[in-house]
Amino acid sequence: QWQVDLGYRFYQDSGEINSSNFNTAAPGVESRELSLGLLWTHGGTSIRTSVGFYETDFDPIEDSVNRVFANLYQDRDFVSARLAITHEF
């Protein structure tokens, strides 16, 4: 038995925390993930594989005090892959 799945996730955060005693250094961020997976099952055995494309886009750091975090909040794009084998006995 075969199963194919397609997934998409989106996340957005302004990076702002409104409090009189706290200020966050994190800029706003948007992240997206698009993945494609395949599952094969036979009896008590299943094999799942998937590949995903992940992208993060941070808002620019404009405050000179927070520029030391510039490497931490760089935009990143990468590919993730997964292989899982399950057997029931």
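Here's a quick rundown of the structure. Keep in mind the model is a prediction, meaning the values are calculated, not measured. (Residues numbered from 1 in each chain as written. Predicted model: local features only at pLDDT ≥ 70, side-chain atom pairs only at ≥ 80, totals over all residues. Heavy atoms only, no water.)

Things to note about the overall build of the chain
Reasoning step 1: A tally of regular secondary structure across the chain gives zero helices and four strands.
Reasoning step 2: The secondary structure elements of the chain, listed N-terminal to C-terminal, are β-β-β-β.
Reasoning step 3: Within the span of the chain, comprising 89 residues, buried residues form 16% of the whole.
Reasoning step 4: Accessible surface, the chain as shown: approximately 7100 Å² in total, 54% of it carbon and sulfur. (Helix = DSSP H or I, 4+ residues; strand = E, 2+ residues; numbered from the N terminus. Buried < 20%, exposed > 50% of the residue type's maximum accessible area, 1.4 Å probe, protein only. Areas by Shrake-Rupley, 256 points an atom, 1.4 Å probe, with all protein chains shown as cover.)

Quick notes on the sheet that holds strand β3 (residues 45–58)
Reasoning step 1: Spatially, the four strands line up as an open sheet ordered β1-β2-β3-β4, and their pairing is antiparallel. The open sheet terminates on both sides in strands that have one partner only, identified here as β1 (2–13) and β4 (76–87). The average undirected angle you get between the axes of adjacent strands in this sheet is 15°.
Reasoning step 2: Bridging between β3 and β4 involves 12 bridges; their strand directions are antiparallel. Each residue of the ladder has a partner; that of valine 51, found in β4, is alanine 81. (Pairing = 2+ DSSP bridges. Axes fitted to C-alpha atoms, helices over the stretch in contact; angles between N-to-C directions.)

Comments concerning the environment of aspartate 13
Reasoning step 1: Structurally, aspartate 13 is set in strand β1.
Reasoning step 2: In this structure, the C-alpha to C-alpha distance between aspartate 13 and proline 27, residues 14 residues apart in sequence, is 8.6 Å.
Reasoning step 3: Beyond its immediate stretch of four places on either side in the chain, aspartate 13 contacts Gly28 and Val29.
Reasoning step 4: A distance of 2.9 Å separates the side chain of aspartate 13 from the side chain of tyrosine 11, its partner in a polar contact. (Contact = heavy atoms within 4.5 Å. Polar contact = N/O pair within 3.5 Å; in protein donor to acceptor, adjacent residues only side chain to side chain.)

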